[in-house]
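Structure at a glance
Chain residues, written in single-letter form:
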Amino acid sequence: MHTVVVGTSGTTVSDVLAVARGGARVELSAEAETALAAAREIVDALAAKPDPVYGVSTGFGALATRHIGPELRARLQRNIVRSHAAGMGPRVEREVVRALMFLRLKTVCSGHTGVRPEVARTMAAVLNAGITPVVHEYGSLGCSGDLAPLSHCALTLLGEGEAEGPDGTVRPAGELLAEHGIEPVELREKEGLALLNGTDGMLGMLIMALADLDTLYKSADVTAALSLEALLGTDKVLAPELHAIRPHPGQRASAANMLAVLKGSGLTGHHQDDAPRVQDAYSVRCAPQVAGAGRDTLAHARTVAERELASAVDNPVVLPGGTSQAFGSGGGMVESNGNFHGAPVAYVLDFLAVAAADLGSIAERRTDRLLDKNRSHGLPPFLADDPGVDSGLMIAQYTQAALVSEMKRLAVPASVDSIPSSAMQEDHVSMGWSAARKLRTAVDALTRIVAVELYAATRAVELREGLTPAPASHAVITALRAAGVQGPGPDRFLAPDLAAAEAFVRDGRLVTAVEEVTGPLE
C-alpha cells in the first residue's frame, strides 16, 4: 500500500487524494518529529510563566479574558473538544473526513502548533487503522476554521464519541481505538485548540472537487464535440488561429480537445446542406469559450489550494524568535493571528459552483437542440424510434433541466453570507464549509448533466445513417455500448441507461475511450 510521509513543509494534492480516497498509510518524517518537539518546548516554557497566553493559559473566543490556572488546563483542552463537537445533521462522506484529518495532521507537523509528537502519532494511527470519526453536515461557519467538524475528529482521539470502523460499522470510538491498540490521548496546554483551528474540511473538499472537475471538463469537451457532430455543425470555429487571437488558456485547451475528438469526422461541415446555415448556435459554437472560462477558474482555484496546502493554519501559532511579548525558551513565541479565516478557500469554492452551473447550462441547451426536430437538422423528434408512439429522450431532458435548475440555486455564493457568532467576537465568518458542501452537490449534478448529453449525442450520431463519425466518437460509442448503455430503438426503461452513462462519465471511462484514439486531452 502507498505510504504518505508527512513533513514540515505542507503536502501535495496527490497526497491528499491518496489518503482521502485511496486509503494510503501515513507516517511522520523525522523532520516533523523534531519540529513537533521543538515547538512543544516553547509552549511548555510559556505555560510555566505567570503571564496569560491565548490558547495556553486562557479561555477561548469571547471567553479569552479569563486566565486559567495550571490545575485546570488539561480540563480546559478536553472541554473545548467536547463542547465544540456540536455538529448536527447527516454524516459527511468518509473521504471528506479522511481529508480533514490528514490536513490537520499536516498543519500539526509543521511545528507551528505546539502539539506533542505523541498526539500527531495518534492522529496518524487513527488514519492508518481506517477509523473514521462521525462528522456531521452542519456546524462549521468556516471561521475559526472548521471548528465543529474538527472537534468531532479530535473527540475520537480522546476515545470519545462515535466513529466508523474499517468494516463500515459505527461504534463508540473508545472501542475502536482499543481494538487497534491505540491509546487515547490526554490533552495538554494548547493541544485541544490546535486540533480544531483550521480550514482543513473546506480545503479537502476543494481538492477533491478540483480532481473531479478536471475529469468533468474534459468529458464536457467530448460531449460538446459529439453534439456538434450530431448536429452536422462546423469544426472550423475550433481552429487554433481563432483562439490564438483571444489567448485565454482554458479556451484554447477546450477548443483543442474538441478538435481532437472531431478529427476525421464525416459528419462535420454539412451545415450548408439541405437547410443551409451560416453559423451554429451559441451553445455549439461558443462551447470552448464557456468551458474555457471554467477551466481558467479551475486553474485559479488550484493556485489557492496549493497555497493553502503549504500553509500552517492555527490560532495561536508557534513561531521562532520575533518581537512579541509572548516569548518562550530560545526566543520562540506563541502569537494570535487571523490565518484561520476561510475566505480565500470559500471564494474559489463559490467561483467553481458558478462555473460548473454554466457548464451544465450550456450542455443542457445542446441536448435540447438535439431533441427538437426544428433545430436538429434532420433528426427525429426527441430521437424517438417512432415519434408519437415513442417519446424517446423527452423526459431524460426534463431530468437534465431539473439538474441545471438545481445547479443554478447551488451557484448562489455562500461566502457573502457572513453571520456573527461567539458574542460578536467572531463577527465575520467565511461560510467556506457550506460553500464546499454545495459544490460537492453541484459536481454530482454536473456529472449527471454531462451523462445525459452523452446519452443523447451518441444516439443522435448513430441516427445519422450514411455518415461516418470521427474515430474518437466511434470509440466512445463502442465503449458506451459495452458498458451497458443501449443505442437507438423503441422506448424502454431509461433510468438504468442513464445511471450507466453517469458511471461511465464519473469513473473516467469516457475520457479514457477518447484518449485511446487521440492521445492525452488537455
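That block above? That's the structure.
In what follows, the accompanying structure is described. (Residues numbered from 1 in each chain as written. Predicted model: local features only at pLDDT ≥ 70, side-chain atom pairs only at ≥ 80, totals over all residues. Heavy atoms only, no water.)

1. Concerning the overall build of the chain
- A tally of regular secondary structure across the chain gives 19 helices and nine strands.
- Principal-axis analysis of the C-alpha atoms gives the chain an extent of 90 × 50 × 40 Å.
- Burial analysis of the chain (522 residues in total) assigns 56% to the buried set.
- Look at the contacts in the chain between residues 6 or more apart in sequence, and 77% of them connect residues 24 or more apart.
- In the form shown here, the chain has an accessible surface area of approximately 20,600 Å², with 55% of it arising from carbon and sulfur atoms.
- Taking the average place of the 46 positive charges on the side chains of the chain and the average place of its 61 negative ones, the gap between the two points comes to 2 Å. (Helix = DSSP H or I, 4+ residues; strand = E, 2+ residues; numbered from the N terminus. Buried < 20%, exposed > 50% of the residue type's maximum accessible area, 1.4 Å probe, protein only. Contact = heavy atoms within 4.5 Å. Areas by Shrake-Rupley, 256 points an atom, 1.4 Å probe, with all protein chains shown as cover. Lys, Arg positive; Asp, Glu negative; His and termini not counted. Charge placed at Lys NZ, Arg CZ, Asp CG, Glu CD.)

2. Here we look at the pairing of strand β1 (residues 3-6)
- Burial along β1 is one-sided: V4 and V6 are buried, and none of T3 and V5, which face the opposite way, are.
- Pairing geometry for β1 and strand β2 (residues 25-28), over four bridges, is parallel. Note on β2: the bridge partner recorded for V6 is L28.
- In terms of handedness, the path from β1 via helix α1 (residues 13-20) over to β2 forms a crossover that is right-handed. (Pairing = 2+ DSSP bridges. Right-handed = clockwise from strand over helix to strand, strands pointing away.)

3. A look at the packing of α1 against helix α9 (residues 200-230)
- Across the interface, α1 lies against α9 with an axial gap of 10 Å and an inter-helix angle of 95°. On the basis of their axis angle, the class for α1 and α9 is roughly perpendicular. Within the contact between the two elements, α1 uses V13, V16, L17 and A20 and α9 uses I207, M208 and A211.
- Split into classes, the residues belonging to the contact of α1 with α9 amount to seven nonpolar, no polar and no charged. (Axes fitted to C-alpha atoms, helices over the stretch in contact; angles between N-to-C directions. Parallel < 35°, antiparallel > 145°, perpendicular 65-115°, else oblique. Nonpolar A, V, L, I, M, F, W, Y, C, P; charged D, E, K, R; others polar.)

4. So, the nonpolar core
- L105, L195, L206 and L370 are the most contacted members of the largest nonpolar core, which totals 154 residues.
- When residues no more than four places from it in sequence are discounted, the contact partners of L195 are R104, V108, V119, M123, L150, A154, L157 and L187. (Core = buried A, V, L, I, M, F, W, Y, C linked by side-chain atoms within 4.5 Å.)

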